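Tertiary structure, described
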Amino acid sequence: MKKRIAALAMAAFSAAGFLAASPAVAATADKGPPYACASDRYGALFGEGISLTCFDLPGNSDIYRVVAHCASGSSYWYAVGDWVPVGFGPSSAECHGALLSSAYVAGYHVDDY
């Protein structure tokens, strides 16, 4: 009986650790999309994604892609979208987490070519 109580206590403690780390990452500030661009965040399996459509970029850029800054707990990484011509379909990047933790889009930037 003592082993079961100890196992339940450890499971509750580890679950609280996963839940406590996630909101701190989601609180980062986002500057918003560049001028003449529209962004949309959406939910994905164990994570979040961002879709960005640009109709004009500064400079003489013909194609662009969105780069999502992903975060899950204390892990950070980048997810890149496909190259898309300016004025056409969206470039989308998705952050996927593990089975017991989800990933969030903490920020993003636009690469142009």
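Not measured: the values here are computed from a predicted model.

Time to look at the overall build of the protein chain. Secondary structure assignment for the protein chain yields one helix and seven strands. Going from the N terminus to the C terminus, the protein chain shows its helices and strands as α-β-β-β-β-β-β-β. Going through the 113 residues of the protein chain one by one, you find that 27% of them count as buried. Total accessible area on the protein chain stands at roughly 7,400 Å², and carbon and sulfur atoms take up 63% of it.

Take the state of the cysteines next. Inspection of the entire model under this criterion finds two disulfides. Shown here is the disulfide that connects Cys37 with Cys54, its sulfur atoms set 2.0 Å apart. Between Cys37 and Cys54, the S-S dihedral sits near 110°, and the bridge is therefore right-handed. Note that Cys37 is positioned in strand 1 (residues 37-44) and Cys54 in strand 2 (residues 47-54), a separation of 17 residues in sequence. A relative accessible area of 12% means that Cys37 is categorised as buried. Cys54 gets classed as buried once you look at its relative accessible area, which sits at 0%. Sulfur-sulfur distance for the disulfide between Cys70 and Cys95 comes to 1.9 Å. A torsion of -75° about the S-S bond marks the disulfide between Cys70 and Cys95 as left-handed. Taken together, the residues span a long stretch of sequence, with Cys70 in strand 3 (residues 63-72) and Cys95 in strand 6 (residues 91-96) at a distance of 25 residues.

Definitions and limits used
Residues numbered from 1 in each chain as written. Predicted model: local features only at pLDDT ≥ 70, side-chain atom pairs only at ≥ 80, totals over all residues. Heavy atoms only, no water. Helix = DSSP H or I, 4+ residues; strand = E, 2+ residues; numbered from the N terminus. Buried < 20%, exposed > 50% of the residue type's maximum accessible area, 1.4 Å probe, protein only. Areas by Shrake-Rupley, 256 points an atom, 1.4 Å probe, with all protein chains shown as cover. Disulfide = S-S within 2.5 Å.

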